[in-house]
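The residues making up each chain are set out below.
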Amino acid sequence: MSNTAAPVLSVQNLRVSFDTQDGTVRAVDDISFDVYAGETICIVGESGSGKSVMAGSIMRLNNSSTATTEGKILVNGIDVLTASEEEVRGIRGSEVAMIFQDPMSALNPYFTIGKQIAEAYVVHHPGASKREVHDVVLAMMIKVGIPSPEKRIDEYPHQFSGGMRQRIVIAIALVNNPKILIADEPTTALDVTVQAQILDLMMSLQKEFGMTIILITHDLGVVAEVAQDVIVMYAGHIVEQSHVDALFHSPTHPYSWGLLGSVASYGANKRGDLYTISGSPPSLISLPAGCAFHPRCVHSKGSGNACMTVQPKLRDVGTDGSRSACHLTDDVLISIGRGSDRS
Amino acid sequence: MFLFVVRRLFFAVVLLLAVSVFTYLLFALLPTDPAALSCGIHCKPETVLANRIRLGYDKPILEQYWHFLRGIFVGRDYGFGQTAFSCPAPSLGYSFNQHACVTALIGETFPVTAFLAIGAFVLWMIIGIGVGAIAALNKGKWQDRFATGFAAVGVSLPTFYIGLLVLFSVVIWFQILPFPSYESPLDNFSAFITAMILPWLVLAVLSAASYTRLTRNGMLEAMNEDFVRLGVAKGLRLRVILSRYVMRQALIPIVTIAGLDFAGLLGGAIITESVFSLPGMGRMSIRAVVDSDLPVLVGTTMVAAVFIVLANVIVDITYGFLDPRVRVS
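Going along each chain's sequence as written, the residues are numbered from 1 onward. Here the convention is simple: chains get letters from A, ligands get numbers from 1, in the order in which they are written. Local features in a predicted model are, by the rule used here, given only for residues with pLDDT of at least 70; side-chain atom pairs are given and counted only at 80 or more, and totals for whole chains, interfaces and linings are based on all residues.

1. Points about the overall build of chain B
For the record, the criterion: Secondary structure is summarised from DSSP: a helix means a run of H or I of at least four residues, a strand means a run of E of at least two, and numbering begins at the N terminus for each. Two residues qualify as being in contact provided that their C-beta atoms, derived from the backbone, are within 7 Å of each other.
Of the regular secondary structure elements, chain B holds 13 helices and four strands. If you line up chain B on its principal axes, its C-alpha atoms span 85 × 60 × 35 Å. Across chain B, every contact between residues at least 6 apart in sequence was considered, and the portion connecting residues at least 24 apart equals 64%.

As structure tokens, this is what we get:
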């Protein structure tokens, strides 16, 4: 965060809403953050908090006929949201690449995996010879750890296991050496034993390729292991943005306290019970007034009526660079955040 | 793959044999005497008897069936001495009403049916897939609503109604086209087109409706697939994504149904041929029913069955090519 270089990705006042029959769903509401070269930033939050929609808009993948997107997303100085289709296609796969949650459905079932990796390379290297493409594909398959790639290059996705398919999706994502890799819950759909392998692979490839990783996850164990910065999202808002150590040692938002308290080994009390955040996430069609989290927040009574009426802005809290969107005073946030019993 | 094809073909032959047994049973089950029908109402009993022996209807039904089956492969001789005649292989029997070999009758009428089927098929695939694709790409807009409406109307309107309506309006009221009178395309191509254009359009527009629906829904479903999203994320052009990702998936059910529909048409488009008085196999079949011309009925049924069974085999094989997941190793 103390980086002085220009960010590789700058998201400014991003709002994404979807028109549905029941009303307008405000999936992402006024989000801003910067991402710098080579860092790993994790985005955590419950299902429906807007993580995936936000990630999709970085590559302009959201359905344009139902989604309304406002704000700016700067990649390489180009605003992805207003750029021409041609410019965006130049960014997709080449500057920014993406790994999806479910490797079982992310690959085209009708083509060999060799063709699918080649396709991703050729679209950004139109002059490449067949020989060159073949070599690049094989090299990529070796890099992501596919055994006997010469044989498997002509096989179809259904002949691969889930972990192997995710490796192929990673190969497709990295074949053009992108600056930014967005991984949308890349391990959620995998066996526990395979999850660690895939994460390790991503981290070692990050060292080799020097790319920035934006990792969307709801697994705080993964966050602790790989992240430098963490963004916590709730109901389409960023509620806290902190360095990973700061988040785990002195989180500065009541929602983060709840999240951390609900992790086994981390938040269990003396009797071994896990903390749960009471209630459920609000409907994105009719968000509560004021702070979206206030109906579930045990601290919302402490700051007068502000929680029910005024939407809190993200602001610096303390001196370790943490930012929090909460009406509680800095002192209260820091002292409760550091305490052992935050709930 | 080879074994798969061989096995499918073997079962196709077994199926056709079964179909031939059941159709031939018509002779045994119907109360009409084929020999009596062969020479009209005022026929002398001895002529009927002579005809019965000449055509082989005096033999037990199993033996008759055996002669029928043998005839398909080696041809068949009827009668003796001066009145002897023969139907060369593949013989499907002899029509005592029309005094001709069934195979020859089918040979005359089948080209008309085939021209009708091929023309209508090409038209309906273009209209059906085209309109369906436009609807899917403009989901929720007026194009989509128009296409969905077209599909609903097309699926629910019967051919005989629309056929007659078109015939009356185009030929009789507005007199845009002369009354259709079929001619072979080799003899008079423009007359052929004039006669075929209305039946083609009627058949195509009505059948296209269900293909519009299939294409639209298939494409919309495919567009929500993760792998299509990955295709977009790769930076591929829209055209490539539509052809290699979306259409590829949407085409699979279309190919299946198109194969069977086309085969069904080759067996005779009974209503369309009747409405537009095209001398095709369908119209011949329906006339054979009215006249109790059993050999013709058995013959056309067999031909239709061959097409449908064959189309099933071809669709199965194509399916293996289209979707690697169902390929048998």
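Following the structure, the description resumes.
2. What about the interface of chain A and chain B?
How we decide: Only Asp, Glu, Lys and Arg are considered charged in this grouping, and only Ala, Val, Leu, Ile, Met, Phe, Trp, Tyr, Cys and Pro are considered nonpolar; every other residue, Gly among them, is considered polar.
Each side of the interface is counted separately: chain A has 24 residues, and chain B has 16 residues. Every element with two or more residues in the side of chain A that touches chain B is listed here: helix 2 (85-91), strand 6 (96-99), helix 3 (103-106) and helix 4 (113-122) of chain A. For the side of chain A that touches chain B, the class distribution of residues is 13 nonpolar, seven polar and four charged.

3. Some words on helix 7 (residues 162-174) of chain A
Each α-helix turn comprises 3.6 residues. Residues three or four places apart therefore point the same way. Residues and elements named next belong to chain A. Quick note on the threshold: Residue count minus one, scaled by 1.5 Å, sets the expected span of a helix. Note on burial: count the other C-beta atoms lying within 10 Å of the residue's C-beta; 20 or more is buried, 12 or fewer is exposed, in between is partly exposed, and C-beta positions come from the backbone.
Over its 13 residues, helix 7 extends 18 Å from the first C-alpha to the last, a length consistent with the 18 Å expected when each residue adds 1.5 Å. Burial analysis of helix 7 places 11 of its 13 residues in the buried class, which makes it a mostly covered element. Listing the buried residues of helix 7 in full gives Met164, Arg165, Gln166, Arg167, Ile168, Val169, Ile170, Ala171, Ile172, Ala173 and Leu174.

4. Considerations on the pairing of strand 8 (residues 212-217) of chain A
Residue and element names in this part refer to chain A. Defined as follows: Two strands form a pair only when DSSP identifies at least two bridges running between them.
Across the six residues of strand 8, six count as buried, placing the element largely inside the fold. Across the two faces of strand 8 the burial is the same, with Thr212, Ile214 and Ile216 and Ile213, Leu215 and Thr217 all buried. As paired strands, strand 3 (residues 40-44) and strand 8 are joined by five bridges and run parallel to one another. Within strand 8, the residue paired with Thr40 across the bridge is Ile213.

5. Focus on the packing of helix 7 of chain A against helix 8 (residues 192-209) of chain A
All names here are of chain A. Note the following rule: Throughout, an axis means a line fitted to C-alpha atoms (over the contacting stretch in the case of helices), and angles, computed between N-to-C directions, take values from 0 to 180 degrees. Any angle from 65 to 115 degrees is called roughly perpendicular, while one under 35 is roughly parallel, one over 145 is roughly antiparallel, and all others are oblique. Here a crossing is taken to be left-handed if its near helix is turned anticlockwise relative to the far helix by less than a right angle, and right-handed if that turn runs clockwise.
Direction vectors running N to C along helix 7 and helix 8 enclose 20 degrees, while the axes themselves pass 10 Å from each other. With respect to their mutual orientation, helix 7 and helix 8 come out roughly parallel. Taken as a pair, helix 7 and helix 8 cross one another with a handedness that is right-handed. In contact with Gly162, Gly163, Gln166, Arg167, Ile170 and Leu174 of helix 7, helix 8 contributes Val194, Gln197, Ile198, Leu201, Met202, Leu205 and Phe209.

6. A word on the domain arrangement of chain A
Residues and elements named next belong to chain A. Rules: Domain segmentation is taken from an automatic or database assignment of domains.
Under the domain assignment, chain A is made up of domain 1 (9-227) and domain 2 (232-338). Look at where the C-alpha atoms of domain 1 and domain 2 centre, and you get two points 29 Å apart. Domain 1 puts 22 residues into the contact, and the matching count from domain 2 is 17 residues. Listing elements by their share of the side of domain 1 that touches domain 2, those giving two or more residues are strand 2 (23-35), strand 3 and helix 9 (220-226). Looking at the side of domain 1 that touches domain 2, its residues break down into 11 nonpolar, six polar and five charged.

7. Observations concerning the packing of helix 4 of chain A against helix 5 (residues 130-143) of chain A
When two helices pack together, you describe them by how their axes are tilted relative to each other and by the distance separating the axes. Residue and element names in this part refer to chain A. Where helix 4 contacts helix 5, the two axes come as close as 9 Å, and the packing angle between them is 115 degrees. Compared by their axis directions, helix 4 and helix 5 come out roughly perpendicular. Relative to helix 5, helix 4 is oriented so that their crossing is right-handed. Side by side, helix 4 and helix 5 meet where Gly114, Ile117, Ala118, Tyr121 and Val122 of the first sit next to Val133, Val136, Val137 and Met140 of the second. Looking at the contact of helix 4 with helix 5 residue by residue, the classes come out as eight nonpolar, one polar and no charged.

8. Some details on helix 1 (residues 51-58) of chain A
In terms of residue burial, helix 1 of chain A counts as a mostly covered element, since eight of its eight residues are buried. Arg60 of chain A sits one or two positions beyond helix 1 of chain A and adopts a positive phi of about 50 degrees.

9. As for the sheet that holds strand 1 (residues 9-20) of chain A
The strands making up a sheet associate through backbone hydrogen bonding, with each pair oriented either parallel or antiparallel. Residues and elements named next belong to chain A. As summarised here, the arrangement of the four strands in space is 2-1-4-5, forming an open sheet in which the pairing is antiparallel. Either end of the sheet is taken by a strand with one partner, and the two such strands are strand 2 and strand 5 (78-79). Against the sheet, helix 1 engages strand 1, strand 2 and strand 4 (67-75), with an angle of about 115 degrees to strand 1.

10. Examining the pairing of strand 1 of chain A
All names here are of chain A. Sheet topology note: the strand 1/strand 2 ladder contains nine bridges and is antiparallel. The residue bridging Asp19 from the neighbouring strand is Thr24, located in strand 2. A loop of two residues connects strand 1 with strand 2, the two strands running antiparallel in sequence. Pairing of strand 1 with strand 4 involves eight bridges; the strand directions are antiparallel. Counted as the bridge partner of Ser10 is Leu74 from strand 4.

11. Quick look at the sheet that holds strand 6 of chain A
Residues and elements named next belong to chain A. Pairing in this open sheet of eight strands is mixed, and the strands run 6-7-8-3-9-10-12-11 from one edge to the other. Of all the strands in the sheet, just strand 6 and strand 11 (315-317) have a single pairing partner and so form its edges. Averaged over all pairs of adjacent strands, the angle between strand axes in this sheet comes to 25 degrees, irrespective of strand direction. Direction of pairing for strand 11 relative to strand 12 (residues 322-324): antiparallel, over a ladder of three bridges. Each bridged residue has a counterpart across the sheet, and for Asp316 the counterpart in strand 12 is Arg323. Those strands touched by helix 11 (residues 254-261) are strand 9 (229-234) and strand 10 (237-243), and its axis lies near 105 degrees from that of strand 9.

12. Here we look at the nonpolar core
Operational definition: One nonpolar core equals one set of buried Ala, Val, Leu, Ile, Met, Phe, Trp, Tyr and Cys residues connected by C-beta atoms within 7 Å.
By size, the foremost hydrophobic cluster in this structure holds 148 residues, and its most contacted members are Ile117 and Ala171 of chain A. When residues of this core are assigned to their parent elements, the largest contribution, 16 residues, is made by helix 8 (residues 189-223) of chain B. Other than its neighbours up to four places away in sequence, Ala171 of chain A contacts Ile117, Met140, Met141 and Val144 of chain A. Among the nonpolar cores identified, the runner-up in size contains 21 residues, and Phe68, Leu92, Ile106 and Met284 of chain B belong to it.

13. Observations concerning the domain arrangement of chain B
Residues and elements named next belong to chain B. When its domains are assigned, chain B resolves into domain 1 (2-102) and domain 2 (105-326). Taking only C-alpha atoms, the centre of domain 1 and the centre of domain 2 are 33 Å apart. On the side of domain 2, 20 residues touch domain 1, which itself brings 24 residues to the contact. Put simply, the parts of the chain that give the side of domain 1 that touches domain 2 at least two residues each are helix 1 (2-29), helix 2 (34-37) and strand 3 (94-95). When residues of the side of domain 1 that touches domain 2 are assigned to their parent elements, the largest contribution, 12 residues, is made by helix 1. Classifying every residue of the side of domain 1 that touches domain 2 gives 16 nonpolar, seven polar and one charged.

14. Looking at the environment of Val202 of chain B
All names here are of chain B. Of note, Val202 is situated in helix 8. We classify Val202 as buried; it has 25 C-beta atoms within 10 Å. In sequence terms Val202 and Phe160 are 42 residues apart; their C-alpha atoms lie 9.6 Å from each other. Apart from residues no more than four positions distant in its own chain, Val202 is found in contact with Thr159, Ile162, Gly163, Val166 and Thr272.

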